[in-house]
Amino acid sequence: MTPGSIEIAGIDVGSVTLSEDEVEALVSGTGGRLLRPGDEGWDEAVLIWNAMAAKQPAVILQPTSADEVASAVRFAAEHRLLLSVKGGGHNIAGTSMAPGGVTLDMSRMREVTVDLDARQVHVGAGCKLGEVDAETQKHGLAAVLGFVSETGVAGLTLGGGFGYLTRRYGWTVDALDEVEIVTADGQVRRASRDENADLFWALRGGGGNFGVVTRFTFELFDVGPMVTGGLIAWGAERVDDVLAAYRTLTESAPRELTAVLTIRLAPPAPFLPTEWHGRPIVGVVVCHTGTDAPADLTVLRDLGSPIVDLIVEKPYAAQQAMLDATQPKGMNYYWKTEFIPRISEEFLASFKAGALKVTSPMSQSIMFHLAGALNERSRDDGAMGNRDAGYVTGFAGSWPPADPRGGEHVAWVRESWSAIRSFSTGNYVNFQVADDDPTRTAEAYGRNFERLQRVKAAYDPDNLFRVNRNVVPAG
Ligand SMILES: Cc1cc2nc3c(=O)[nH]c(=O)nc-3n(C[C@H](O)[C@H](O)[C@H](O)COP(=O)(O)OP(=O)(O)OC[C@H]3O[C@@H](n4cnc5c(N)ncnc54)[C@H](O)[C@@H]3O)c2cc1C
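Residues numbered from 1 in each chain as written. Predicted model: local features only at pLDDT ≥ 70, side-chain atom pairs only at ≥ 80, totals over all residues.

### Quick look at the overall build of the protein chain
Then comes step 1: The helix and strand tally for the protein chain stands at 16 helices and 21 strands.
Then comes step 2: In terms of C-alpha radius of gyration, the protein chain reaches 22 Å, essentially the compact-globule figure of 23 Å for 475 residues.
Then comes step 3: Considering only C-alpha atoms, the protein chain reaches an extent of 70 × 55 × 40 Å along its principal axes.
Then comes step 4: Across the 475 residues that make up the protein chain, the buried fraction comes to 52%. (Helix = DSSP H or I, 4+ residues; strand = E, 2+ residues; numbered from the N terminus. Rg over C-alpha atoms; globule rule 2.2 N^0.38 Å. Buried ≥ 20, exposed ≤ 12 C-beta atoms within 10 Å, placed from the backbone.)

### What about the sheet that holds strand β11 (residues 188-192)?
Then comes step 1: Pairing is antiparallel in the open sheet, where 5 strands are placed in the order β7-β8-β12-β10-β11. For this open sheet the edge positions go to β7 (112-115) and β11, each flanked by a neighbour on one side alone. Looking at each pair of strands side by side, their axes are set apart by 15 degrees on average, direction ignored.
Then comes step 2: The pairing of strand β10 (residues 176-182) with strand β12 (residues 212-219) spans 6 bridges and is antiparallel. In the strand pairing of β12, L176 is matched with F218.
Then comes step 3: Packed on one face of the sheet, helix α3 (residues 66-78) meets β10, β11 and β12 and runs near 50 degrees to β10.
Then comes step 4: The strands that helix α4 (residues 129-136) touches are β7 and β8 (120-124); relative to β7, the one it contacts most, it runs at about 35 degrees. (Pairing = 2+ DSSP bridges. Axes fitted to C-alpha atoms, helices over the stretch in contact; angles between N-to-C directions. Contact = placed C-beta atoms within 7 Å.)

### Details of the nonpolar core
Then comes step 1: Grouped together as the largest cluster of nonpolar side chains are 143 residues, with contacts concentrated most on L83, V102, A143, V153, A259 and V284.
Then comes step 2: At 6 residues, strand β16 (residues 280-288) tops the list of elements feeding residues into this core. (Core = buried A, V, L, I, M, F, W, Y, C linked by C-beta atoms within 7 Å.)

### Remarks on the pairing of β12
Then comes step 1: The element β12 is extensively covered by neighbouring structure, given that 6 of its 8 residues are classed as buried.
Then comes step 2: In the sheet, β8 pairs with β12 via 5 bridges, with the strands oriented antiparallel. Residue pairing in the sheet places H122 in a bridge with T217 of β12.

### So, the sheet that holds strand β3 (residues 33-35)
Then comes step 1: Read from one edge to the other, the open sheet built from 4 strands follows the order β3-β4-β6-β5, with strand pairing classed as mixed. Sheet topology places β3 and β5 (83-86) at the edges, where each strand pairs with a single neighbour. Strand-to-strand, the axes of this sheet are offset by a mean angle of 25 degrees, without reference to chain direction.
Then comes step 2: Bridge count for β5 against strand β6 (residues 102-105) is 4 bridges, and the pairing is parallel. Bridge pairing in β6 places S84 opposite T103.

### A look at the domain arrangement of the protein chain
Then comes step 1: Split by domain assignment, the protein chain resolves into domain 1 (5-108), domain 2 (112-222 + 447-459) and domain 3 (226-431).
Then comes step 2: Between the C-alpha centres of domain 1 and domain 2 there is a distance of 22 Å.
Then comes step 3: Opposite the 16 residues of domain 1 that make contact, domain 2 presents 17 residues.
Then comes step 4: Within the side of domain 1 that touches domain 2, the residues separate by chemical class into 8 nonpolar, 6 polar and 2 charged. (Domains from an automatic or database assignment. Nonpolar A, V, L, I, M, F, W, Y, C, P; charged D, E, K, R; others polar.)

### A short note on the site of the ligand
Then comes step 1: G87, G146, G152, G155 and G208 are the nearest of the 34 residues found near the ligand.
Then comes step 2: Put simply, the parts of the chain that give the shell around the ligand at least two residues each are β5, α5 (153-158) and β12.
Then comes step 3: Here the shell around the ligand takes 4 residues from α5, the largest share from any one element.
Then comes step 4: Tallied by class, the residues present in the shell around the ligand amount to 13 nonpolar, 20 polar and 1 charged.
Then comes step 5: Here the shell around the ligand spans two domains, since at least three of its residues come from each of domain 1 (5-108) and domain 2 (112-222 + 447-459). (Near = placed C-beta within 6 Å.)

### Things to note about the environment of F368
Then comes step 1: With respect to the helices and strands, the residue F368 is situated in strand β20 (residues 364-369).
Then comes step 2: It is 5.2 Å that separates the C-alpha atoms of F368 and V392, two residues lying 24 residues apart in sequence.
Then comes step 3: Leave out the neighbours within four places in its chain, and F368 touches V260, Y391 and V392.

### Quick look at helix α12 (residues 345-355)
Then comes step 1: If you check which residues of α12 are buried, you get F347, F351, G354 and A355. Buried residues along α12 cover an arc of 100 degrees about the axis, so they all sit on one side. Counted as exposed and oriented over 90 degrees from the buried face of α12: E345 and E346.
Then comes step 2: On the buried face of α12, the contacting elements are β15 (257-265), β19 (332-340), β20, β21 (391-399) and α14 (406-420). (Arc of directions from axis to C-beta.)

What follows is the structure, encoded as structure tokens:
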């Protein structure tokens, strides 16, 4: 490499050598910022949630407008550079980083504007979930977002999205009204149900395959600002009782109530009695956004003798952030999950057997109740599909990078997951790990996959946007 040049990974062309001036020209005279390894801000920009999936791009661009994104996309397309987009950096497969290539880090586009008349929120593509909840909750409103406030809005939404409001209002993308997007030809477009409708269909679940979204517009719903939520947990000797109660609860719960079951070793958290730290527990995290929480929770509370019952009235925004501390950035994470339509005795037996063999104190086995509005929406409304999902369930391995037993933790996840796969009706593209092969991506979309490939061929025929769970263009 000659002095004053930068070597950047290309698409199908090895690496591309560009002059510093060429690359600098991308941001000069604009508000955008160009980062190289060692620059101030580089370490934060390359930091992603899953240490196991960490990669280094050659350069990072931090744009501040759709026009700057458009210039960068045209530049990457012209030079055939490997290009990725970072929203919140939470993708477990680490797809926000282009190894050796160019990463567009959207963290400087974080404007959130609530339109009370339209009951909508406009969200910059670099926002974290908590930043949106903070603004909408000032008005007792909320978008359908996930349940860890540090997660990026962009990746979560483009993969479909779910959270505590999904039982009431469907997938996150069911309440997505419009996006502003830069497509592979470098054009800034809008997509909605009325404009570029084919593109909008694909964006509701098809991930980062179709361009760089610069702004999302979501429908808002009346939520909170106070809700009833928190954790109730028992020692694992009660696991059969709790699993049975969870099944009864979720089969009869109103849509205002979402319950998430977790089996894990008790973390050394101050809210858990010290004598339980490190011992197996089974807990249920609930979020009730209606008015009759005490009555709706009797199935759980009638079990009696929990280790802790931390279910209280609290702000919805606090509920949305209550699990943040359990998911720190920079650990190793390896998940395998499936959508299942219902809970059967056979499923519970397989789930429990895997869960109780957990190998790491940070890992957990989960069931997240989803059934409700998403099952009722038109089956043609968006690429997310999976309209027969009742729960998302699986095994979430987590351990510090220095833990020498990493292979054992991965094996626990894979073996436990293998035993529940036969109950699956599909998988969630946003929970796929780096070693999931392309057939799993196709499976995630089911009958929508071929249509996604056709839309991809129309908007990104050269597959510029390929650092993702990739949909290869048709033909
Ligand atoms: C702790 C944790 C909790 C989670 N909880 C939930 C949950 O409650 N509900 C849920 O549905 N999912 C949840 N997820 C999964 C989450 O939706 C995905 O990990 C998602 O990819 C994260 O989005 P991000 O923007 O942070 O990701 P990033 O890693 O930044 O990006 C992931 C991919 O999204 C695409 N992308 C990002 N920004 C853009 C953009 N502006 N334009 C085009 N494409 C873009 C790119 O393809 C990129 O590779 C959770 C994940 C974690 C780690």
